[in-house]
Structure formats: C-alpha cells, structure tokens
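# Coordinate analysis (summary)
Next come the chains, spelled out residue by residue.
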Amino acid sequence: SIPETLATNPGLQDVILYDNFLEGPIPEKMRNVVSLRRLILAGNSLLGNIPEWLGELTDLEMLMLNDNQLQGTLPRHLANLTKLTHLYVH
C-alpha cells in the first residue's frame, strides 16, 4: 500500500511510485500534501474510486493513475486543477 507517512510532509512536491506492486486505495491522508506537483502511481494494483479530494491539490501538474484497478468515473472536482497538464487514467 501507499505509505501514509508521505502525507506528513505537506511541502512534498513529487510522489513517484510507479510499478511498485502497491495495492489498496489511495490514502485520504494524501490530501494533506497540498504542494504536490506530480503524483505518479501508474502500474500498480490500486483499488477503489479515483478520490474526489484530488481536486483539492491545486498545484498538481501531472496525475498518472493508469494501469491500476481503479474504477468509477472521473471526479468532476478534477476540473479545479487548472495547472494540470498531464492526466493519465486509462
């Protein structure tokens, strides 16, 4: 699973954990990492829906969630991410 201790560093800008055999949901505590610019979680076995709170990470420029087991629709709050230039969710 994604280590929840990552959420204890609100100044963290990049979380790059692709192809790490991670399982489970994206932890809600990650919403505390408000300066996050790149969240790359592709190529794991993450489960559940894409969290609505990702739309609160307004500094996010790149979001890569592809090649996981995520389901549901894209949260409409992702429209709040005006700096987002790369979105991969297939």
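A brief report on the enclosed structure follows. (Residues numbered from 1 in each chain as written. Predicted model: local features only at pLDDT ≥ 70, side-chain atom pairs only at ≥ 80, totals over all residues. Heavy atoms only, no water.)

### A few points about unusual backbone geometry
- One non-glycine residue, D19, adopts positive backbone phi at about 50°.
- By the element assignment, D19 lies in the loop between β1 (14–16) and β2 (23–24).
- You will see that D67, though not glycine, has its phi angle at about 55°, which is positive.
- By the secondary structure assignment, D67 is in the loop between β5 (62–64) and β6 (69–71). (Helix = DSSP H or I, 4+ residues; strand = E, 2+ residues; numbered from the N terminus.)

### Notes on the pairing of strand β4 (residues 45–49)
- Relative to β4, β2 runs parallel, the two sharing two bridges. Bridge assignment links G24 to a residue of β4, and that residue is L46.
- Two elements, β4 and β6, share three bridges in a ladder whose sense is parallel. Of the residues in β6, the one forming a bridge with L47 is Q69. (Pairing = 2+ DSSP bridges.)

### Digging into the sheet that holds strand β3 (residues 38–40)
- Spatial strand order, β1-β3-β5-β7: four strands in an open sheet with parallel pairing. The outermost strands of the open sheet, each flanked by one partner alone, are β1 and β7 (86–88). Neighbour-to-neighbour, the strand axes of this sheet turn through a mean angle of 10°, independent of strand direction.
- Relative to β5, β3 is paired through three bridges, and the arrangement is parallel. For I40, the partnering residue across the bridge sits in β5 and is M64. (Axes fitted to C-alpha atoms, helices over the stretch in contact; angles between N-to-C directions.)

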